[in-house]
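# Chains, contacts and geometry: an overview
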Amino acid sequence: MSIIYIVFIVVVILAASIRILKEYERGVVFTLGRFTGIKGPGLIIIIPFIQKMENVDLRTVVLDVPSQDVISHDNVSVNVNAVVYFRVIDPEKAIIQVESFHDATSQLAQTTLRSVLGGHELDEMLAEREKLNEDIQDILDKQTDAWGIKISNVEIKHIDLDESMIRAIAKQAEAERQRRAKVINSKGELEASQNLLEAANILAQNPQGLQLRYLQTLSDISSDKTNTIVFPFGSELGKFFTPKA
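About the cut-offs
Residues numbered from 1 in each chain as written. Predicted model: local features only at pLDDT ≥ 70, side-chain atom pairs only at ≥ 80, totals over all residues. Heavy atoms only, no water. Helix = DSSP H or I, 4+ residues; strand = E, 2+ residues; numbered from the N terminus. Contact = heavy atoms within 4.5 Å. Areas by Shrake-Rupley, 256 points an atom, 1.4 Å probe, with all protein chains shown as cover. Core = buried A, V, L, I, M, F, W, Y, C linked by side-chain atoms within 4.5 Å. Buried < 20%, exposed > 50% of the residue type's maximum accessible area, 1.4 Å probe, protein only. Pairing = 2+ DSSP bridges. Axes fitted to C-alpha atoms, helices over the stretch in contact; angles between N-to-C directions. Patch = residues over 30% accessible without salt bridge, like charges linked within 9 Å, V, L, I, M, F, W, Y side chains within 5 Å. Salt bridge = Lys/Arg side-chain N within 4 Å of Asp/Glu carboxyl O. Expected span 1.5 Å × (residues − 1). Parallel < 35°, antiparallel > 145°, perpendicular 65-115°, else oblique. Left-handed = near helix turned anticlockwise from the far one by under 90°. Nonpolar A, V, L, I, M, F, W, Y, C, P; charged D, E, K, R; others polar.

### What about the overall build of the chain?
- On a plain count of helices and strands, the chain comes out with eight helices and eight strands.
- Long-range pairs, those at least 24 residues apart, make up 62% of the contacts in the chain with a sequence separation of at least 6.
- When the accessible area of the chain is evaluated, it comes to approximately 17000 Å², of which 57% is carbon and sulfur surface.

Dropping the structure here:
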């Protein structure tokens, strides 16, 4: 029976000593509470009851940032959520420098999202989303560097507005379109008046040109057979068409 107990104890010790880490995993080893190295991937052997190992996943983590209520710089309330992509590049720092790097990154992403978006107006949030993504990523990357974490990307997914604000934005857009239409119309009137002035100056240099233009206008009007056109035959125009003796 003693041999069976010895074999059982040996099997238990071996089972407690052997660790297998996948290609994307690393083990942070502590010996009597002190950090003694990083191991993996593959077969790892540790000393039971003396050494302890914590596994760290090196793959990119997709962190969904919960919806945040943000007050923009122009005092507009919006609901924003985002997604953060990060990975551990230094397992030692990720285990030693912070209690839970996943929770810490999540909380930091939430506060940074509110802080950055709160400093911009609503129009900037809607029109400059790429720039805001880069600003948030830079801030997160600098603050998580001490934790051995690399922020690879940040994407703002949704910016939700109240129904009243949506109606206000629609009215603003309609007013903007009307303003542009009036500006375009006024520019057209200006160009038309300039062209008419130039044409009038050219016609003023030769009175016969004005008479020919007058006749051309009558010809254009006469294409509609339903109208009867009565026009004066002035003395100057009569002289132009009266045959010489």
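### A word on the nonpolar core
- Core analysis: the largest hydrophobic core is formed by 35 residues, its most contacted members being Val78, Val80, Val84, Leu113, Leu117, Leu140 and Ile156.
- Of all elements in the fold, only strand S2 (25-31), strand S6 (61-71), strand S7 (77-88), helix H2 (91-96), helix H3 (101-118), helix H4 (122-127), helix H5 (129-144) and strand S8 (149-160) reach the threshold of two or more residues within this core.
- For this core, the leading source of residues is H3, giving seven residues.
- Setting aside chain neighbours within four positions, we find isoleucine 156 in contact with Val80, Asn81, Ala82, Leu113, Leu117, Arg129, Leu132, Asn133 and Ile136.
- Judged by nonpolar contacts, the second largest core, of five residues, contains Val29, Ile44, Ile46 and Met53.

### Observations concerning the pairing of S7
- With nine bridges connecting them, S6 and S7 associate as antiparallel partners. Bridge pairing links valine 70 to valine 78 in S7.
- Two strands pair when backbone bridges link them, and S7 and S8 are joined in this way by ten bridges, in the antiparallel orientation. Residue pairing for S8: valine 83 is matched across the bridge by glutamate 155.

### A short note on the sheet that holds strand S3 (residues 34-39)
- The strand order across the open sheet built from three strands is S3-S2-S5, with neighbouring strands paired in antiparallel fashion. Across the chains shown, the open sheet's two edge strands, defined by having one partner strand only, are S3 and strand S5 (51-57). Ignoring which end each strand starts from, the neighbouring axes of this sheet average 25 degrees apart.
- Of the pairings in the sheet, the one linking S2 to S5 comprises seven bridges and is antiparallel in character.

### What about a nonpolar patch on the surface?
- Together, Ile6, Val10, Leu14, Ile18, Ile20, Leu43 and Ile45 make up an exposed nonpolar region whose accessible area comes to about 710 Å².
- Secondary-structure elements contributing two or more residues to the nonpolar patch are helix H1 (2-17), strand S1 (18-21) and strand S4 (42-45).
- In terms of residue count, the dominant contributor to the nonpolar patch is H1 (three residues).
- For isoleucine 20, the position within the fold is in strand S1.
- Owing to a relative accessible area of 67%, isoleucine 20 belongs among the exposed residues under this scheme.

### Quick notes on the environment of isoleucine 96
- Within the element layout of this structure, isoleucine 96 appears in helix H2.
- Counting along the chain gives 68 residues from isoleucine 96 to valine 28, while the straight-line C-alpha distance between them is 9.3 Å.
- Once you skip the residues sitting within four places of it in the chain, isoleucine 96 turns out to touch Phe30 and Phe35.

### With respect to the sheet that holds S6
- Spatially, three strands are ordered S6-S7-S8 in an open sheet, and the strand pairing comes out antiparallel. Only two strands of the sheet have a single neighbouring strand rather than two, namely S6 and S8. On average, each strand axis in the sheet is inclined to that of its neighbour by 25 degrees, with strand direction left out of account.
- In this fold H3 packs onto S6, S7 and S8, with an angle of close to 35 degrees to the strand it touches most, S6.
- Contacting S7 and S8, H5 runs over the sheet at an angle of about 145 degrees to S8.

### A few points about H3
- Compared with an ideal rise of 1.5 Å per residue, which puts 18 residues at 26 Å, H3 spans 25 Å between its outermost C-alpha atoms and is within 8% of the ideal.
- Taken together, the buried positions of H3 are Phe101, Ala104, Thr105, Ser106, Leu108, Ala109, Gln110, Thr112, Leu113, Val116 and Leu117.
- Residues of H3 that are buried in the fold lie against S6, S7, H2, H4, H5 and S8.

### Examining the packing of H3 against H5
- For the pair H3 and H5, the least separation of the axes is 10 Å and the interaxial angle reads 135 degrees. Our classification of the angle between H3 and H5 gives oblique. You can see that H3 and H5 cross each other, and the crossing is right-handed. Counted together, Leu108, Ala109, Thr112, Leu113, Val116 and Leu117 of H3 and Leu132, Asp135, Ile136, Ile139, Leu140, Gln143 and Thr144 of H5 form the full contact between these two elements.
- A breakdown of the residues in the contact of H3 with H5 according to their chemical character gives nine nonpolar, three polar and one charged.

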